Amino acid sequence: MLPEPLATQLRQYGITNLEEVALREALERHTETYTLVRLAPRPARRWKCRYRLLMSDTMYDAQTAPEAYALGLLAVLQKTTDPVDSNLSPH
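Procedures and definitions
- Residues numbered from 1 in each chain as written.
- Predicted model: local features only at pLDDT ≥ 70, side-chain atom pairs only at ≥ 80, totals over all residues.
- Heavy atoms only, no water.
- 1 Å grid on protein atoms, 1.4 Å probe; cavity = no way out; pocket = protein on both sides within 12 Å on 5 of 7 lines; lining within 4 Å.
- Points joined across faces, edges and corners; volume = space filled by probe spheres on them.
- Helix = DSSP H or I, 4+ residues; strand = E, 2+ residues; numbered from the N terminus.
- Nonpolar A, V, L, I, M, F, W, Y, C, P; charged D, E, K, R; others polar.
- Pairing = 2+ DSSP bridges.
- Axes fitted to C-alpha atoms, helices over the stretch in contact; angles between N-to-C directions.
- Phe/Tyr/Trp six-rings, centres within 6.5 Å; stacked < 30°, edge-to-face > 60°.
- Buried < 20%, exposed > 50% of the residue type's maximum accessible area, 1.4 Å probe, protein only.
- Lys NZ or Arg CZ within 6 Å of the ring centre and 35° of its normal.
- Polar contact = N/O pair within 3.5 Å; in protein donor to acceptor, adjacent residues only side chain to side chain.

Visitor: Can you explain the layout of surface pockets? Please cite residues and give values.
Guide: Remark: the empty space left among the atoms is shown by a probe the size of a water molecule rolled over them. As a volume, the largest pocket reaches approximately 160 Å³. Lining the largest pocket we find His 30, Thr 31, Thr 33, Met 55, Ser 56, Thr 58, Tyr 60, Ala 75, Val 76, Lys 79 and Thr 80. Examining the composition of the lining of the largest pocket, we find that four residues originate from one element, helix 4 (residues 65-80), more than from any other. The residue inventory of the lining of the largest pocket, partitioned by class, reads four nonpolar, six polar and one charged.

Put into C-alpha cells, the structure is as follows:
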C-alpha cells in the first residue's frame, strides 16, 4: 500500500491502478531504463529504506517496491506532463 499523499499525486496524472505490477509497467512506458535494488539488512537500517530505485542520476528510497516504482513514475510524470484536472470541462 502506498502512502496516501503519493497515491493522490499519482491519481492527479491519471494513474489509478496502484498495484506493484501496474506501477512497474507504467514506469517502463515512461522511462528507458531504471534499476531497482533491494537493500541488504545492514544498509537498509543505515539508510532507513528497503528499496532504492536508480534512474539516470537520481535515487529514490522507499520501504516497498511499489513505493519505489511510484516515486520514480511520479518524477518522470512531473517532468513530462501536466496533471489531469478533473474539474475542467471541455469547451
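Visitor: If you had to explain the sheet that holds strand 2 (residues 51-55) to someone new, which residues and values would you point to?
Guide: The three strands are arranged 1-2-3 in an open sheet whose pairing can be described as antiparallel. Edge positions in the sheet fall to strand 1 (35-38) and strand 3 (58-62), since each of these pairs with one other strand and no more. Strand-to-strand twist of the sheet, defined as the mean angle between neighbouring strand axes without regard to direction, takes the value 20 degrees. Bridging between strand 1 and strand 2 involves four bridges; their strand directions are antiparallel. Note that in strand 2 the partner of Leu 36 across the bridge is Leu 53.

Visitor: Any chance you could break down the packing of aromatic side chains for me, citing the residues and the numbers?
Guide: Following the criterion strictly, the structure yields one aromatic pair and no others. On the basis of an interplanar angle of 85 degrees and a centroid distance of 6.0 Å, the ring pair of Tyr 34 and Tyr 69 is categorised as edge-to-face. On the criterion of sequence distance, the pair formed by Tyr 34 in the loop between helix 2 (20-30) and strand 1 and Tyr 69 in helix 4 is long-range, its members being 35 residues apart. Overall, the relative accessible area of 6% leaves Tyr 69 in the buried class. Over the face of the ring belonging to Trp 47 we find Arg 52, whose NZ or CZ atom lies 4.6 Å from the ring centre.

Visitor: Summarise the side chain of Thr 31; cite the residues concerned and give the values.
Guide: Summarising the element assignment, Thr 31 is placed in the loop between helix 2 and strand 1. A distance of 3.5 Å separates a polar side-chain atom of Thr 31 from the backbone oxygen of Thr 33.

Read these as geometric descriptors, not functional statements.
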